[in-house]
Amino acid sequence: MPIIERVHAREVFDSRGKPTVEVEITCRGGKPSRAIVPSGASTGRFEAVELRDGDAKRLRGTGVRQAVANVCGEIADAVRGMDANDQEGLDTRLCELDGTPNKGRLGANAILGTSLAAAYAAADEKGISAVRQFSQIWDRLRPSKSPPANTAGIGLEPGLPLPMVNMISGGLHAGGNLDFQDYLILPVGATSYRQAFEWIVSVYWQVGTELSAVGFEGLLVGDEGGFGPKLASNEQALGFVVRAIEAVGLVPGADVAIGLDVASTHFFSDGAYRLAATGGQQLSSAEVTDLLESWCDRFPILSIEDGLAEDDWDGWKLLTERLGRRVQLIGDDLFVTNESRLREGIERGVGNSVLIKLNQIGTLWETLQTMRLAIDNGYWPVVSARSGETEDTTIADLVVATGAGQLKVGSVARSERLAKYNQLLRLEEQLGPDAEFLGGSIFATLQDCNLSGDSAKPLE
């Protein structure tokens, strides 16, 4: 039995140079196993709270020394002697110890680091891989063999994910140069993870070429590695992505579809959506829905994340009624990987997909509970990184272990992103036929998608 013997933490730094928590756990007779916690720039109001020191004299108040002290003190005292293999018991203990609904006392960063490090320590003591450990934990929650039709195959067995990858960035990820946060691609026609990733890299390079060809020299990239040009409109970015797909010999829609992360909460106030990129235009929920529907008619859009704001339940209901049978509608700020928020969304009939971010909820077990609820109710889970990422590859191991079907990490120009993508290449090689690549087949039940390649041409 892997008994926790030593718990340690330290302050390290994420991909934005911002402090974060690394936790190290050692089981009796084992070696130290560690996990690093990411952080987000585009955060929902209902997320679990990461604890920051607030001391303006040091690192502008972003330090995490108190969270580290909580791990080394109160948390260590509580979990020392526990069975690291009992993920549910450990995570329940951590939540009870904190005693708040949002993990604000000890800090979700302190709690999540401990939760994940324990899983790695248990794997080490048993002499198995992280994927195998996560799979064993998932076995306790794994859906039945007859889930709803639109998620058939997801979550039942380990599998390589379909990557959803950022090409052009806006919003809080790129200095607000565009209102919408991410313009992504999904290689739905690929037959293996390696082929999917090679297509992604080719399209990414070509997007840079297309942007440079019309005068966007010296291109900068956003937090997640997507290009960050100052385009004339939100729609123009879609055109450049379509042009790049075509230029590398792939068919928009049939081979490579488009995803949007609207992140609309961040330009929503006083009941209106305010689009700075189009001269301060103000739109209602219905008008945003009209806009997104018109784009789906003209471009090969398969996935839309946070199309409306986190409190706009009525708007989400309309969006789902209009697009829910033809497009994946992901709730990120809306659901925040929270089982109760997702359950409310299911009852209201909004969205059909949930973004899965470990640090939004704060423990591994709670994350998996939300994934199970999603799959059981016909919602696609999309395992996701954060904008402030690290070299930690947990989400790559987790998405394969659970067979969740999709992974959203960011682009291909930042090493903290490549750490996950390269881990998936290793796992594809190591697991072989034991980890199937479902690819775009997971969307087989979507109807009337514009995936024929008959798309609008880019705007100059």
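Up top is the structure.
These lines cover the structure that appears in this document, whether it is placed above or below. (Residues numbered from 1 in each chain as written. Predicted model: local features only at pLDDT ≥ 70, side-chain atom pairs only at ≥ 80, totals over all residues. Heavy atoms only, no water.)

**Description of the sheet that holds strand E1 (residues 4-13)**
Hydrogen bonds between backbone groups are what pair the strands of a sheet, and the pairing can be parallel or antiparallel.
Here is step 1: The strand order across the open sheet built from three strands is E1-E2-E3, with neighbouring strands paired in antiparallel fashion. Of all the strands in the sheet, the pair left with one neighbour each is E1 and strand E3 (33-36). Shown here is a sheet whose adjacent strand axes are inclined to one another by a mean of 20°, direction ignored.
Here is step 2: The pairing of strand E2 (residues 19-27) with E3 spans four bridges and is classified as antiparallel. Its bridge partner being in E3, Glu-22 is matched across the sheet by Ile-36.
Here is step 3: Here helix H1 (residues 65-79) sits on the sheet and contacts E1 and E2; the angle it forms with E1, its principal contact strand, is near 170°.
Here is step 4: Contacts between helix H3 (residues 108-126) and the sheet are confined to E1, E2 and E3, with E2 contributing the most and set at about 35° to the helix. (Pairing = 2+ DSSP bridges. Helix = DSSP H or I, 4+ residues; strand = E, 2+ residues; numbered from the N terminus. Axes fitted to C-alpha atoms, helices over the stretch in contact; angles between N-to-C directions. Contact = heavy atoms within 4.5 Å.)

**Description of the sheet that holds strand E11 (residues 301-305)**
Here is step 1: Pairing in this closed barrel of eight strands is mixed, and the strands run E5-E6-E7-E11-E12-E13-E14-E15 around the ring. Between one strand and the next, the sheet's axes are offset by a mean angle of 30°, whatever the strand orientation.
Here is step 2: Bridge analysis of strand E13 (residues 353-356) against strand E14 (residues 380-384) gives four bridges, and the strand direction is parallel. Along E14, the bridge assignment pairs Val-354 with Pro-381.

**Here we look at the pattern of salt bridges**
Here is step 1: Taken as a whole and judged by the stated rule, the model has 29 salt bridges.
Here is step 2: The closest approach of N and O atoms between Arg-322 and Asp-290, which form a salt bridge, is 2.5 Å. Linking Arg-322 in helix H8 (residues 313-323) with Asp-290 in helix H7 (residues 285-298), this pair joins segments that are 32 residues apart in sequence.
Here is step 3: Assessed through its relative accessible area of 29%, Arg-322 is described here as partly exposed.
Here is step 4: Residue classification places Asp-290 among the partly exposed residues on the basis of a relative accessible area of 39%.
Here is step 5: Counted as one network, the salt bridges with shared partners bring together Arg-6, Arg-10, Glu-22, Glu-24 and Arg-34. (Salt bridge = Lys/Arg side-chain N within 4 Å of Asp/Glu carboxyl O. Buried < 20%, exposed > 50% of the residue type's maximum accessible area, 1.4 Å probe, protein only.)

**Re the pairing of E14**
Each regular strand shows side chains that alternate between the opposite faces of the sheet.
Here is step 1: Burial of E14 is extensive: five of the five residues sit out of reach of the surface.
Here is step 2: By the alternation rule, side chains of E14 split into Trp-380, Val-382 and Ser-384 and Pro-381 and Val-383, which are all buried.
Here is step 3: Examined bridge by bridge, E14 and strand E15 (residues 406-408) share two bridges and lie parallel to one another. Paired with Ser-384 across the strands is Lys-408, a residue of E15.
Here is step 4: Assessed by its sense of winding, the connection that carries the chain from E14 through helix H12 (residues 394-402) to E15 is right-handed. (Right-handed = clockwise from strand over helix to strand, strands pointing away.)

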